[in-house]
Amino acid sequence: MFMSTTLTHMAHTCDAIIVSCIDFRFQKYIHEWIEKNMPNKTYDYVGFAGSTKELDTILGQIDISVRLHSIHDVVLLHHEECGAYGPESTPERHATDLRKARETVLKKYPNLHVSLYYIHLDGTFEEIQ
Ligand SMILES: [Zn+2]
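Quick summary incoming for the structure in this document. (Residues numbered from 1 in each chain as written. Predicted model: local features only at pLDDT ≥ 70, side-chain atom pairs only at ≥ 80, totals over all residues.)

1. Considering helix α4 (residues 91-108)
Stated formally: Secondary structure counts use DSSP, requiring at least four H or I residues in a row for a helix and at least two E residues in a row for a strand, with both numbered from the N terminus. Each helix should span, by expectation, one fewer than its residue count multiplied by 1.5 Å. Buried residues are those with 20 or more other C-beta atoms within 10 Å of their own C-beta, exposed residues have 12 or fewer, and partly exposed residues lie in between; C-beta atoms are placed from the backbone. Working note: the arc is built from the helix axis to C-beta atom directions. C-beta atoms are placed from the backbone for every residue, and two residues are taken to be in contact when these atoms lie within 7 Å.
Over its 18 residues, α4 runs 26 Å from end to end, which matches the ideal 26 Å to within 8%, given 1.5 Å per residue. By the burial criterion, the buried members of α4 are H94, D97, L98, A101 and V105. One side of α4 carries all its buried residues, which in axial view fall inside an arc of 100°. With respect to the buried face of α4, the exposed residues turned more than 90 degrees away are E92, T96, K100, E103 and K107. The secondary structure elements touched by the buried residues of α4 are α3 (55-69), β3 (73-79), β4 (113-119) and β5 (125-128).

2. Comments concerning the nonpolar core
Going by this rule: As used throughout, a nonpolar core is a set of buried Ala, Val, Leu, Ile, Met, Phe, Trp, Tyr and Cys residues joined through C-beta atoms within 7 Å of each other.
Ranked by size, the top nonpolar core spans 22 residues in total, and within it I17, V19, V74, L76 and L77 carry the most contacts. Of all the secondary structure elements, the ones that give two or more residues to this core are β1 (16-20), α3, β3, α4 and β4. Leave out the neighbours within four places in its chain, and L76 touches V19, S51, T52, L98, A101, R102, V114 and L116.

3. Re the environment of P91
By the secondary structure assignment, P91 is in helix α4. Looking at P91, the number of C-beta atoms within 10 Å reads 13, which means it is partly exposed.

Here it is, written out as structure tokens:
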């Protein structure tokens, strides 16, 4: 009895992990975007200043999400005017770091689907290829 309860508990899974910056200005946009673009999906959520800027830290969170929740999708969000980047917060730099993060995740987990977005101050989500 105890064993089966434990196993059921351990088998919980979700669809995705979403990684974003902590910046309060973007949380409402992110929430609305998730509601619209990932309806009925379940996800782990990581809020960390600069999002994937400290890539090793974020990779640790993705590792846990894969291991515990068997996720399929990774959504990485960066944004305009990011304080963690300061003067280096250019669209080009964010695109470069997002692509680097995707490449690193895929090297370790080739079966994951990784999507990248750059969020503008007006709430527009720009997909980075
Ligand atoms: Zn930020």
